[in-house]
Amino acid sequence: MGTLSVNQNKLQKRLRRLAGEAITDFNMIEEGDKVMVCLSGGKDSYTMLDVLMHLQKVAPIKFDIVAVNMDQKQPGFPEHVLPAYLKSLGVEYHIVEKDTYSVVKELIPEGKTTCSLCSRLRRGTLYTFADEIGATKMALGHHRDDIVETFFLNMFFNGALKGMPPKLRADDGRNVVIRPLAYCNEKDIQAYSDMKQFPIIPCNLCGSQENLQRQVVKDMLIDWERKHPGRTESIFRAMQNVAPSQLADRSLFDFTSLSIDQSATPRFLDVVNL
């Protein structure tokens, strides 16, 4: 690709800056880390790898990058695309072959959404592989919009206030997941992917499914953003500004012991004695 235009240069700098801020704010990458960058073949993970490779060159610490893709044996999956691309970058990479496609098709009835089971199987395989290669961090390409969408999905359908944290220790305690694009919005990532002409690999298993709950939430947020620009960013900031005493989770705040503070200054002064 030739010289970047002014807008393209601003876009690249913005993504790199926001990723750097997220990594710093949450201490995602430390000296000597081996970061397993999980590639799906989509715009988000390609952008994440591109940004991390740049940060690796300019960061004040040293860390290794290993790119990993999971071949789930979906029919028609272009097995040559990612290896060819990663070889051209000169980055260490692995292709993990695991036929989760057959498992999903066998267990999920026709017409039902497959994303939940598919992601659990993929995540379990990648967790295991990260442990095998000694990766200290596992980088996923989720961005700010993904995090906000997940927040509403959990609230609407699971009765829980939670999303995708920028940094997470897995339940087994042996994997730390990081999301370097947590501060980046999807619109910028799409524009960057188009600009860089990444070799996108579509998901034939779930990409064509209609009426996904996530798509419904995504459309809702897009509509909100169109009517009230900046709302998605405001929601994301709210997730970083939680006030447990203003909610109703008894495990986060001791409501039962709450009582009047007898030593507090009276709200009204005795104006007669002034």
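If you're wondering where the values come from, they're calculated on a predicted model, not measured in any experiment. Per-chain numbering applies: the sequence of each chain, read as written, is numbered from 1 onward. Since the coordinates come from a predicted model, pLDDT governs what is reported: local features require at least 70, and pairs of side-chain atoms require 80 or more to be given and counted, while whole-chain, interface and lining totals use all residues. Think of the side-chain values as coming from all heavy atoms in the structure, minus any hydrogens and water.

A. Local environment of the overall build of the chain. Summing up its helical and strand segments, the chain has nine helices and six strands in all. Each residue gets one of three labels from its accessible area relative to the maximum for its type: buried under 20%, exposed over 50%, partly exposed in between, using a 1.4 Å probe on protein chains only. In the chain, which comprises 274 residues, the proportion classed as buried is 39%. Residues are treated as being in contact if the distance between any of their heavy atoms lies within 4.5 Å. At a minimum sequence separation of 6, the contacts of the chain that also span at least 24 residues come to 76%. Helix and strand labels come from DSSP, where a helix needs a run of H or I of at least four residues and a strand needs a run of E of at least two; each type is numbered from the N terminus.

B. View of the sheet that holds strand β4 (residues 137-139). Spatial strand order, β3-β2-β1-β4-β6-β5: six strands in an open sheet with mixed pairing. Taken across any chain shown, the strands that pair with only one partner, and hence form the sheet edges, are β3 (93-97) and β5 (167-169). Each strand axis lies, on average, 25 degrees off the axis of its neighbour in the sheet, ignoring direction. For β5 and strand β6 (residues 176-178), the ladder comprises three bridges, and the chain directions are antiparallel. We call two strands paired when DSSP finds no fewer than two bridges between them. The axes are straight lines fitted to the C-alpha atoms, using for helices just the contacting stretch, and the angles between their N-to-C directions are given from 0 to 180°.

C. Quick look at the side chain of T150. Within the secondary structure layout, T150 lies in helix α6 (residues 144-158). Beyond its immediate sequence surroundings of up to four residues, T150 is in contact with K162, G163, M164 and R214.

D. Structural context of the nonpolar core. The set of buried Ala, Val, Leu, Ile, Met, Phe, Trp, Tyr and Cys residues whose side-chain atoms join them within 4.5 Å is what this entry labels a nonpolar core. Within the largest apolar cluster, 49 residues are counted, with the highest numbers of intra-cluster contacts made by I29, V37, L52 and I65. Element by element, the count of residues in this core is highest for helix α2 (residues 43-58), at seven residues. Not counting residues within four places of it along the chain, the set of residues in contact with I29 comprises I23, V35, L52, I61, F63, K137 and I178. Of all hydrophobic cores here, the second largest spans 16 residues; its members include V68, Y127, A135 and V177.

E. Broad picture of helix α1 (residues 6-25). To estimate how far a helix should reach, multiply one less than its number of residues by 1.5 Å. Taking 1.5 Å of rise per residue, the 20 residues of α1 would be expected to cover 28 Å, and the 28 Å separating its terminal C-alpha atoms lies within 8% of that figure. Looking at α1, one finds that the buried residues are L11, Q12, L15, L18, A19, A22 and I23. Taken end-on, α1 shows its buried residues confined to a sector of 135 degrees, consistent with a single buried face. Pointing more than 90 degrees away from the buried face of α1 are the exposed residues V6, K13, T24 and D25. Buried-residue contacts for α1 involve α2 and α7 (186-196). Of the residues one or two after α1, N27 is the one with positive phi, at around 50 degrees. By definition, the arc is the one covered by directions from the helix axis to the C-beta atoms.

F. Looking closely at the environment of K137. Along the polypeptide, K137 turns up in strand β4. Here the alpha-carbon distance between K137 and V177, two residues 40 residues apart in the chain, equals 5.9 Å. Not counting chain neighbours up to four residues away, the residues in contact with K137 comprise N27, M28, I29, E30, D33, K34, V35, M36, V176 and I178.

G. Layout of the packing of aromatic side chains. Centres within 6.5 Å are what make two rings of Phe, Tyr or Trp a pair, Trp counting through its six-membered ring; a difference in plane orientation under 30 degrees is then read as stacked, over 60 as edge-to-face, and the rest as tilted. For the structure on display, the rule yields 11 aromatic pairs. The interplanar angle of 20 degrees and the centroid separation of 5.3 Å between the aromatic rings of Y46 and F198 together place this pair among those described as stacked. With Y46 in helix α2 and F198 in the loop between α7 and α8 (213-227), the pair connects residues that are 152 residues apart, well separated along the chain. A relative accessible area of 7% means that F198 is categorised as buried. Among the aromatic residues, those joined into a ring-pair cluster are F151, F152, F156, F157 and W224. Sitting over the face of the ring of W224, R231 holds its NZ or CZ atom 5.1 Å from the ring centroid. Two limits define a charge over a ring: the Lys NZ or Arg CZ must be within 6 Å of the ring centre, and within 35 degrees of the ring normal.

H. Up close: the pairing of strand β2 (residues 64-71). The buried fraction of β2 is high, at seven of eight residues. Relative to β2, strand β1 (residues 34-39) runs parallel, the two sharing six bridges. Of the residues in β2, the one forming a bridge with K34 is D64. Classification remark: right-handed applies to a crossover when, strands pointing away from the viewer, the course from the first strand over the helix to the second runs clockwise. Taken together, β1, α2 and β2 constitute a β-α-β crossover, and its handedness is right-handed. Judged from the five bridges that link them, β2 and β3 form a sheet pairing that is parallel. Counted as the bridge partner of D71 is E97 from β3.

I. Local environment of the side chain of N175. The topology assignment puts N175 in the loop between β5 and β6. Assessed through its relative accessible area of 4%, N175 is described here as buried. Counting of polar contacts relies on pairs of N or O atoms within 3.5 Å, with two restrictions inside protein: one atom must be capable of donating a hydrogen and the other of accepting it, and residues adjacent in sequence are counted only when both atoms are side-chain atoms. Reaching out from N175, the side chain makes a polar contact with the backbone oxygen of Y127 at a distance of 3.3 Å.

J. Seen up close, the UniProt feature "short sequence motif: PP-loop motif" (unreviewed entry) in the chain. UniProt positions are given in the numbering used here, feature names are shortened, and annotations may be inferred rather than shown by experiment. This chain's UniProt record puts "short sequence motif: PP-loop motif" (unreviewed entry) on residues 40-45. Spanning residues 40-45, this segment combines 50% helix with 0% strand, and its end C-alpha atoms are found 6 Å apart.

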